[in-house]
Amino acid sequence: MDYIQMGERLKTLRITRQLTLKQVSELVGVSISMISAYEVEDRHPSYLTLLKLSRLYGVTCDYLISGNTDNENKRTIDVSGLSEREIANVSELVAIIKENKNS
């Protein structure tokens, strides 16, 4: 895996979302020092932690690892706990917004 500059992406995402190291550590379930180590690229997150970070920041794991610009603007939304109907409504809303934006 190409972890080059993943730390910079993690730090930028955290700061953009106005989260502290402590908040991220609590939300992801690892120590503050581990989050800091990920951001300065002393350590790399496990697959499970990487998944948790991607969900927290609303980006793909691919973006965190490689900075893949093909999907750079692709974001994810955590829909866990929503019914199928609610998920369909969210999807429809996104489609309407995109359609209006392109008009």
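Structure: above.
A quick note: this is a predicted structure, and the numbers were derived from the prediction, not measured.

### Focus: the side chain of Thr49
Structurally, the position occupied by Thr49 is in helix H4 (residues 47-57). Among the residues examined, Thr49 registers a relative accessible area of 8% and is labelled buried. For Thr49, the contacting residues outside a window of four places in its chain are Val28, Val30 and Tyr38.

### A few points about the environment of Tyr63
Mapped onto the fold, Tyr63 is located in helix H5 (residues 61-66). Sequence separation between Tyr63 and Met6 is 57 residues; the distance between their C-alpha atoms is 8.6 Å.

### With respect to the nonpolar core
Grouped together as the largest cluster of nonpolar side chains are 15 residues, with contacts concentrated most on Leu10, Val24, Leu53, Tyr57 and Leu64. Residue assignment for this core shows that the elements contributing at least two residues are helix H1 (6-16), helix H2 (21-28), helix H3 (32-39), H4 and H5. Not counting residues up to four positions away in its chain, the partners in contact with Leu64 are Met6, Arg9, Leu10, Leu13, Leu50, Leu53, Ser54 and Val59.

### Some words on the packing of H1 against H4
Interhelical geometry of H1 versus H4 gives an angle of 40° and a closest axis separation of 10 Å. In terms of axis orientation, H1 runs oblique to H4. By crossing handedness, the relation of H1 to H4 is classed as left-handed. Across the interface between the two elements, Met6, Leu10, Leu13 and Arg14 of H1 pack against Leu50, Leu53 and Tyr57 of H4. Of the residues contributing to the contact of H1 with H4, the split by class is 6 nonpolar, no polar and 1 charged.

### Details of H4
Among the residues of H4, those classed as buried are Thr49, Leu50, Leu53, Ser54 and Tyr57. Within H4, the buried residues cover an arc of 140° as seen down the axis, which keeps them to one side. Away from its buried face by more than 90 degrees, H4 exposes Tyr47, Leu48 and Arg55. Looking at the buried side of H4, the elements it contacts are H1, H2, H3 and H5. At the exit of H4 stands Gly58, carrying a positive phi of roughly 70°.

Calculation rules
- Residues numbered from 1 in each chain as written.
- Predicted model: local features only at pLDDT ≥ 70, side-chain atom pairs only at ≥ 80, totals over all residues.
- Heavy atoms only, no water.
- Helix = DSSP H or I, 4+ residues; strand = E, 2+ residues; numbered from the N terminus.
- Buried < 20%, exposed > 50% of the residue type's maximum accessible area, 1.4 Å probe, protein only.
- Contact = heavy atoms within 4.5 Å.
- Core = buried A, V, L, I, M, F, W, Y, C linked by side-chain atoms within 4.5 Å.
- Axes fitted to C-alpha atoms, helices over the stretch in contact; angles between N-to-C directions.
- Parallel < 35°, antiparallel > 145°, perpendicular 65-115°, else oblique.
- Left-handed = near helix turned anticlockwise from the far one by under 90°.
- Nonpolar A, V, L, I, M, F, W, Y, C, P; charged D, E, K, R; others polar.
- Arc of directions from axis to C-beta.

Distances and angles like these do not, on their own, reveal function.
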